[in-house]
Amino acid sequence: MTAPMNVLSSRRTVLLAVLAKHEQFLAEFDPERDAIEINIRIAKVQKLSVDLEAIQAKLEDAAATEEVISHNAALRDDFGSRLIRLEAHLMAKRVHAPRSASTTPNTNPLAGIKLPTISLPEFDGDYMQWLTYRDTFEGLIHENIELPPIQKFHYLRASVKGEAAKVIEAITISAANYELAWQMLTERYSNEYLLKKRHLQALFGMATVKKESASTLHHLVDEFEHSASQPDLMSSRFANRLGIKSGTVDITLIGAGQSSTPVRKSMRTTVSSRASPYAINVEFLIVEKLIADLPAHDVPTSGWKLPPHIIFADPHFDKSAPIDIILGA
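If you're wondering where the values come from, they're calculated on a predicted model, not measured in any experiment.

Draft legend 1. Representation of the overall build of the protein. Secondary structure assignment for the protein yields 11 helices and 5 strands. A burial count over the protein gives 31% of its 329 residues as buried. Taking the intrachain contacts of the protein between residues at least 6 apart in sequence as the baseline, contacts between residues at least 24 apart amount to 63%.

Draft legend 2. Representation of the nonpolar core in the model. Counting 23 residues, the largest nonpolar core has Tyr133, Phe137, Leu156, Ile168, Trp182, Leu185 and Tyr189 as the members making the most contacts within it. Elements with a minimum of two residues in this core: helix 5 (127-142), helix 6 (149-159), helix 7 (162-168) and helix 8 (178-189).

Draft legend 3. Summary view of the pattern of salt bridges. Considering all chains together, one arrives at 10 salt bridges under this definition. A salt bridge links Glu37 to Arg41; its shortest N-O distance comes to 3.2 Å. By relative accessible area, Glu37 is classed as partly exposed at 29%. One network of salt bridges, in which partners are shared, links Glu23, Asp78 and Arg82.

Draft legend 4. Molecular detail of the environment of Ile42. With respect to the helices and strands, the residue Ile42 is situated in helix 3 (residues 38-62). A residue is classified by how much of its surface remains accessible, and Ile42, at 2% relative accessible area, is buried. Through-space distance from the C-alpha of Ile42 to that of Ala88 is 9.2 Å; in sequence the pair is 46 residues apart. Setting aside anything within four residues of it in sequence, one finds Ile42 in contact with Leu90, Met91 and Arg94.

Draft legend 5. Region of interest: empty space enclosed by the protein. Enumeration over the complete set of coordinates arrives at 1 cavity of 30 Å³ or more. Approximately 50 Å³ is the volume attributed to the largest cavity. Every residue lining the largest cavity is listed: Ser49, Leu83, Ile84, Glu87, Gln151, His154 and Tyr155. Within the residue set of the lining of the largest cavity, elements represented by two or more residues are helix 4 (66-92) and helix 6. Looking at side-chain class alone, the lining of the largest cavity contains 3 nonpolar, 3 polar and 1 charged residues.

Draft legend 6. Structural detail: a nonpolar patch on the surface. On the surface, a cluster of nonpolar side chains totalling about 420 Å² of accessible area is made up of Trp304, Leu306, Ile310, Phe312 and Phe317. By the secondary structure assignment, Phe317 is in the loop between strand 4 (279-287) and strand 5 (325-326). The class of Phe317 is partly exposed, set by a relative accessible area of 30%.

Draft legend 7. Region of the structure containing the packing of aromatic side chains. Tallied over the entire structure, the rule returns 11 aromatic pairs. With a centroid separation of 5.0 Å and an interplanar angle of 25 degrees, the aromatic rings of Phe137 and Trp182 are classed as stacked. One end of the pair, Phe137, is in helix 5; the other, Trp182, is in helix 8, with 45 residues separating them in the sequence. Looking at Phe137, the relative accessible area reads 0%, which means it is buried.

Draft legend 8. How the structure looks around the packing of helix 5 against helix 6. The contact between helix 5 and helix 6 brings their axes to 11 Å, and the two run at 150 degrees. Judged by the angle between their axes, helix 5 and helix 6 are roughly antiparallel. Considering only the axes of helix 5 and helix 6, their crossing is right-handed. Seen from helix 5, the contacting residues are Tyr133, Phe137, Ile141 and His142; seen from helix 6, they are Lys152, Tyr155, Leu156 and Ser159. Looking at the contact of helix 5 with helix 6 residue by residue, the classes come out as 5 nonpolar, 2 polar and 1 charged.

Draft legend 9. Here's a closer look at helix 6. Counting buried positions along helix 6 yields 8 of 11 residues, so the element is predominantly enclosed. Buried within helix 6 we find Ile150, Gln151, Lys152, Phe153, His154, Tyr155, Leu156 and Ser159. If you follow the buried residues of helix 6, they end up packed against helix 3, helix 4, helix 5, helix 7 and helix 8.

Draft legend 10. Representation of unusual backbone geometry within the structure. Look at the link from Leu294 to Pro295: it is a cis peptide, with omega at -15 degrees. For Pro295, the position within the fold is in the loop between strand 4 and strand 5.

Draft legend 11. Structural view of the side chain of Gln151. Counting through the fold element by element, Gln151 comes out in helix 6. Discounting residues that sit within four places of it in the chain, Gln151 has contacts with Gln46, Ser49 and Glu87.

Draft legend 12. Spotlight on the packing of helix 3 against helix 4. At a closest axis distance of 10 Å, the pairing of helix 3 and helix 4 adopts a crossing angle of 165 degrees. Classified by the angle between their axes, helix 3 and helix 4 sit roughly antiparallel to one another. For the pair helix 3 and helix 4, the crossing hand works out as left-handed.

Draft legend 13. Main features of helix 5. Taking 1.5 Å as the rise per residue, helix 5 with 16 residues should run 22 Å; its terminal C-alpha atoms sit only 20 Å apart, a clear shortfall. Taken together, the buried positions of helix 5 are occupied by Tyr127, Trp130, Tyr133, Phe137, Glu138, Ile141 and His142.

Criteria and cut-off values
- Residues numbered from 1 in each chain as written.
- Predicted model: local features only at pLDDT ≥ 70, side-chain atom pairs only at ≥ 80, totals over all residues.
- Heavy atoms only, no water.
- Helix = DSSP H or I, 4+ residues; strand = E, 2+ residues; numbered from the N terminus.
- Buried < 20%, exposed > 50% of the residue type's maximum accessible area, 1.4 Å probe, protein only.
- Contact = heavy atoms within 4.5 Å.
- Core = buried A, V, L, I, M, F, W, Y, C linked by side-chain atoms within 4.5 Å.
- Salt bridge = Lys/Arg side-chain N within 4 Å of Asp/Glu carboxyl O.
- 1 Å grid on protein atoms, 1.4 Å probe; cavity = no way out; pocket = protein on both sides within 12 Å on 5 of 7 lines; lining within 4 Å.
- Points joined across faces, edges and corners; volume = space filled by probe spheres on them.
- Nonpolar A, V, L, I, M, F, W, Y, C, P; charged D, E, K, R; others polar.
- Patch = residues over 30% accessible without salt bridge, like charges linked within 9 Å, V, L, I, M, F, W, Y side chains within 5 Å.
- Areas by Shrake-Rupley, 256 points an atom, 1.4 Å probe, with all protein chains shown as cover.
- Phe/Tyr/Trp six-rings, centres within 6.5 Å; stacked < 30°, edge-to-face > 60°.
- Axes fitted to C-alpha atoms, helices over the stretch in contact; angles between N-to-C directions.
- Parallel < 35°, antiparallel > 145°, perpendicular 65-115°, else oblique.
- Left-handed = near helix turned anticlockwise from the far one by under 90°.
- Expected span 1.5 Å × (residues − 1).

Structure (structure tokens):
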């Protein structure tokens, strides 16, 4: 048993020395001299990552004392971060790598344009930032078929901070565990109820427009789109008219001047189009009143030339009336 462990430990030492050589190449990188090696170096670093992980996993499985376990954990954290930084910097230097000659015309409209580097997203557990983080991480890392699972796991560990990092900190870094870690993170933060709660709090916390102007109205619209694109709301008046059984929730909405509005009921129902077969099942949060009547007063439309073939979502759009539902995006 001792000999194989010594052999594995020696192999790890050799691989760490190879890692240091790649880091030295990067530190002394000369575009004119070294650019031609970039793609080969990246491939070798990716294989190095896989080989190191395989040996490290065997050593960790065989660890028998707290001292050895701690030593392995420290080494993993060290070389894991170094590998991520190394590969990221090598990829960034691909811009210097010469392109192979080709007689085929380049029809790509972006050819020759250096696009800005997209940084690895970071997430600290703030629900308001989850959707942006998730979509960015999936686009850059999770759905990237060129990255092996072990590298995806390292990127995942590097991108989560604070509370979010604690969700997956107990999961051993390995290729087999990457999907489990991503699933745990998405299940924790892809919580529709909590996402709606945070967006509602932001919606009802928007400042009151004191003076109408183009800039203030644009700001209000931008803030609404940013903060309130998710929730679906229904007035209690309309909910009572529907007579559908409601569920219970427990949300307190904080509005202007720190006023609070309790929300205790929700209702699921189907909203259908008047002009097509389209229908969607929606869960509404029920509040006493959404906003003031719209329009503020009846609008005379006798002189308007409205196209006769168009079916309006609200055929009485010109009449001042209560707003009973708000559909989120």
